[in-house]
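Summary of the model geometry
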Amino acid sequence: MSSNNIEHELGALKEAVAMALDYARELGTSDAEVAISKQQGLSVSTRLKEVETVEFNKDGALGITLYRDGRKGSSSTSDLSPEAIRQAVQAANDIARYTGEDSFSGLADKELMATEFPDLDLYHPQDLLPEALAELAIATEDAALSADSRITNSDGASANAHTGIKVYGNSHGFLNGYASSRYSLSCVVIGEDEQGNMQRDYDYTVSRKYGELAPAAEIGAKAAMKTVGRLGGRKIATTKLPVLLSPEISTGMMGHLISAISGSSLYRKSSFLQDSLGTQLFPEWFNIAEQPHLLAGLSSAPYDSEGVATKDRAIISAGMLETYLLTSYSARKLGMVNTGHAGGIYNWTVGDSGQTFDELVKAMGTGLIVTEVMGQGVNMVTGDYSRGAAGFYVENGEILYPVEEITMAGNLKDMFRNIQAVASDRDYRSAIRTGGILLDEMKIAGN
């Protein structure tokens, strides 16, 4: 969609949001908020270099929440005609008459609303035909299948292009919106060794800009290399070993931190980091910074889903927890200040300790590289951690062989506290930008 078209579309959606807010005001509600999103996308998947599916989606909906004397009602409509919007507002108002009172609900405080709306370079439209995405997916599979004779099958490749618009407004007078784009390419292949043992692995790339996706040949070759590397996996004896988490698994571990310091977990008292604000959770050299305004960032946003301004902040500084992640509701429940995290986090960068991943492999000496975890064995109330794992056994700083069908166990508090190093070569493909994380020691259950 061109810049002129996107401005026209944004204007039309803002009008729809303003109309809904006007209707809510006419009904005498205390407060109201309206969010609307429209997205369209094209996805092409291939298998064994043949097109398997082509999906085009275009959808959107307006959602309204209004508050009446401490009671809350919500409704939505995909029809943006004035009459349909009026009916949705009326439905939300009717629902609010029958819900229970909740003194903690309501809009985020007016003084927290965003007043500046920088262009974060999130929207890069690209006119793409299904044929172009099919070519990309097929080229990725072709590179994977021709990379090694042990790659015997494919679970498919997928190329995706999506654009969207979000508009949010509330009765504080806040009304704003912006467009964004996201492109991705992935490939999964299957390898088989001489004994008939099979493994699969994948690789992917994602970007706001189509032209900045990693080349198809690179993604295919990496998927093949990772798959072949897992062939011949074996168990090891039950033991305790240092563990080096790959960047993808490190991202998952930081995801457990997000859950533990989120307001909803805290006010429900279902977090192992209850009452941990200002306490030392990590080594003194360890830091996490949040940067919501990174240009073209995968998780950049000028404001959260309640209109609260986002801002740079330290999450972990010198190993200490500097903030919880709070929405208006969870902040009121906890008697704290809203941090603008309705809708998630924004571009976390985990500080590194100066070594590359390969240097950490050598520094580890004898231990495990973990490249995959399985199962749901994480207790967020106690922090107990026990998950199936696969990866590579390392001795004298050299990878000896792949490892599978093991379990690694510990407690997240101990895992955080005993981080030895973070690699400097980060993975930038998600909201958490981190390198591999080296843990002092984990219990490994094997033979």
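The structure presented is a predicted model; accordingly, all values stated were derived computationally and were not measured. (Residues numbered from 1 in each chain as written. Predicted model: local features only at pLDDT ≥ 70, side-chain atom pairs only at ≥ 80, totals over all residues. Heavy atoms only, no water.)

Some remarks on the overall build of the chain
- A tally of regular secondary structure across the chain gives 9 helices and 17 strands.
- Computed over its C-alpha atoms, the radius of gyration of the chain comes to 24 Å, within 12% of the 22 Å expected for a compact globule of 447 residues.
- By its C-alpha atoms, the chain is 75 × 55 × 35 Å across when sized along the principal axes.
- Expressed as a percentage of the 447 residues in the chain, the buried residues total 48%.
- Taking the intrachain contacts of the chain between residues at least 6 apart in sequence as the baseline, contacts between residues at least 24 apart amount to 72%.
- Total accessible area on the chain stands at roughly 20200 Å², and carbon and sulfur atoms take up 48% of it.
- Of the side-chain charges in the chain, 38 are positive and 58 negative, and the distance between the mean point of each set is 5 Å. (Helix = DSSP H or I, 4+ residues; strand = E, 2+ residues; numbered from the N terminus. Rg over C-alpha atoms; globule rule 2.2 N^0.38 Å. Buried < 20%, exposed > 50% of the residue type's maximum accessible area, 1.4 Å probe, protein only. Contact = heavy atoms within 4.5 Å. Areas by Shrake-Rupley, 256 points an atom, 1.4 Å probe, with all protein chains shown as cover. Lys, Arg positive; Asp, Glu negative; His and termini not counted. Charge placed at Lys NZ, Arg CZ, Asp CG, Glu CD.)

Observations regarding the layout of surface pockets
- The volume enclosed by the largest pocket comes to roughly 1200 Å³.
- Breaking the lining of the largest pocket down by element, the ones donating at least two residues are β6 (198-207), α4 (216-230), α5 (247-260), α8 (357-364), β12 (367-374) and β14 (398-411).
- Counting residues per element, the lining of the largest pocket draws most heavily on β6, which supplies 8 residues.
- Here the lining of the largest pocket is composed, by residue class, of 16 nonpolar, 7 polar and 20 charged.
- Around the second largest pocket sit 30 residues that line it, and Lys166, Tyr178, Ser180, Ser300 and Ala301 are the ones nearest its centre.
- Only β1 (31-47), β4 (151-170) and β5 (175-192) provide two or more residues apiece to the lining of the second largest pocket.
- Looking at the lining of the second largest pocket element by element, the count peaks at 7 residues for β4. (1 Å grid on protein atoms, 1.4 Å probe; cavity = no way out; pocket = protein on both sides within 12 Å on 5 of 7 lines; lining within 4 Å. Points joined across faces, edges and corners; volume = space filled by probe spheres on them. Nonpolar A, V, L, I, M, F, W, Y, C, P; charged D, E, K, R; others polar.)

Examining the nonpolar core
- If you look at the biggest cluster of nonpolar residues, it comprises 49 residues, and the most contacted ones within it are Met253, Met254, Leu257 and Met408.
- Ranked by residue count, the leading element in this core is α5, at 6 residues.
- Apart from the residues lying within four places of it in its own chain, the contact partners of Met408 are Val243, Leu245, Val370, Val373, Tyr385, Ser386, Arg387, Ala389, Met442, Lys443 and Ile444. (Core = buried A, V, L, I, M, F, W, Y, C linked by side-chain atoms within 4.5 Å.)

Things to note about the packing of aromatic side chains
- Counted according to the given criterion, the structure contains 14 aromatic pairs.
- Pairing Phe104 with Tyr329 gives two aromatic rings, centres 6.4 Å apart and planes at 80°, and the pair type is edge-to-face. Remark: Tyr329 occurs in helix α7 (residues 328-334) and Phe104 occurs in the loop between α2 (82-96) and α3 (130-145); sequence separation between them is 225 residues.
- Exposure remark for Phe104: the relative accessible area of 29% places this residue in the partly exposed category. (Phe/Tyr/Trp six-rings, centres within 6.5 Å; stacked < 30°, edge-to-face > 60°.)

A look at the pattern of salt bridges
- In total, this model carries 20 salt bridges according to the counting rule given.
- Among the salt bridges present, the one from Arg71 reaches Glu101, with a minimum N-O distance of 3.6 Å. Separated by 30 residues along the polypeptide, Arg71 in strand β3 (residues 71-77) and Glu101 in the loop between α2 and α3 bring together distant segments of the chain.
- For Arg71, a relative accessible area of 26% puts it in the partly exposed group.
- A salt bridge links Asp121 to Lys209, with the shortest nitrogen-to-oxygen separation between them at 3.4 Å. Of the two residues, Asp121 sits in the loop between α2 and α3 while Lys209 sits in the loop between β6 and α4, which places them 88 residues apart along the sequence. (Salt bridge = Lys/Arg side-chain N within 4 Å of Asp/Glu carboxyl O.)

Examining the UniProt feature "domain: Metalloprotease TldD/E N-terminal" (unreviewed entry) in the chain
- In this structure's numbering, the residues bearing the UniProt feature "domain: Metalloprotease TldD/E N-terminal" (unreviewed entry) are residues 32-96.
- Helix makes up 23% of residues 32-96 and strand 65%, whereas the separation of the span's terminal C-alpha atoms amounts to 11 Å. (UniProt positions renumbered as here; feature names shortened; annotations may be inferred.)

Side note on the sheet that holds strand β10 (residues 320-321)
- With mixed pairing, the 5 strands of this open sheet are ordered in space as β10-β9-β8-β11-β16. What marks the edges here is a single partner per strand, and that holds for β10 and β16 (432-433).
- In terms of strand pairing, strand β9 (residues 313-317) meets β10 through 2 bridges, oriented antiparallel. In the sheet register, Ile316 faces β10, and the bridge partner there is Leu321. (Pairing = 2+ DSSP bridges.)

Brief notes about the UniProt feature "domain: Metalloprotease TldD/E central" (unreviewed entry) in the chain
- Feature annotation in UniProt assigns "domain: Metalloprotease TldD/E central" (unreviewed entry) to the following positions: residues 123-231.
- Between the end C-alpha atoms of residues 123-231 the distance is 41 Å, and the span holds 28% helix and 44% strand.

Re empty space enclosed by the protein
- Scanning the entire structure with this criterion turns up 1 cavity of 30 Å³ or more.
- What the largest cavity holds in volume is close to 60 Å³.
- Contributing to the lining of the largest cavity are Gln199, Arg230, Gly233, Thr371, Ala390, Gly391, Phe392, Pro402, Val403 and Glu404.
- Of all the elements in the fold, those that place two or more residues in the lining of the largest cavity are β13 (384-395) and β14.
- Here the lining of the largest cavity is built from residues that sort into 4 nonpolar, 4 polar and 2 charged.

Focus on the environment of Asp193
- Within the secondary structure layout, Asp193 lies in the loop between β5 and β6.
- What makes Asp193 buried here is its relative accessible area of 14%.
- Spatially, the C-alpha atom of Asp193 lies 46 Å from that of Asp121, the residues being 72 residues apart in sequence.
- Apart from the residues within four sequence positions on either side, Asp193 is in contact with Leu231 and Gly232.

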